[in-house]
Amino acid sequence: MDQNEEMKRLRHEIYKFAMNGLEANKKTKAKESLAISLGAKPRKSSAINYKELMKQRAAEKRVPKDGRR
């Protein structure tokens, strides 16, 4: 069991070391994915205004998906 824990710790250290070389926006995404892998809940999707959502759905209905009509 001790060897398994050591492998997890080393994997974690390597992942953190690899994050040092990333750009700022990629680093934040990497930190989020690390937190999720450690058990954190992922971020909620961004909110959208209801009227804009209805406009998007209406536009999707107007365009046929299979290309007919």
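Residues numbered from 1 in each chain as written. Predicted model: local features only at pLDDT ≥ 70, side-chain atom pairs only at ≥ 80, totals over all residues. Heavy atoms only, no water.

Draft legend 1. Examining the overall build of the protein more closely. On a plain count of helices and strands, the protein comes out with three helices and zero strands. For the protein, buried positions account for 4% of its 69 residues. Entry remark: accessible area of the protein is about 7,100 Å², with carbon and sulfur atoms responsible for 55%. (Helix = DSSP H or I, 4+ residues; strand = E, 2+ residues; numbered from the N terminus. Buried < 20%, exposed > 50% of the residue type's maximum accessible area, 1.4 Å probe, protein only. Areas by Shrake-Rupley, 256 points an atom, 1.4 Å probe, with all protein chains shown as cover.)

Draft legend 2. The arrangement of the pattern of salt bridges in detail. Inspection of the entire model under this criterion finds three salt bridges. Among the ionic pairs, Glu 13 bridges to Arg 9, the shortest N-O distance being 2.3 Å. Of this pair, Glu 13 and Arg 9 both sit in helix 1 (residues 2-19), separated by four residues, roughly a single helical turn. Under the relative-accessibility criterion, Glu 13 is labelled partly exposed at 40%. On the accessibility criterion, Arg 9 (39% relative accessible area) is partly exposed. With a closest N to O distance of 3.2 Å, Glu 32 and Arg 43 form a salt bridge. (Salt bridge = Lys/Arg side-chain N within 4 Å of Asp/Glu carboxyl O.)

So, to be careful, I would describe these as geometric facts and stop short of saying anything about function.
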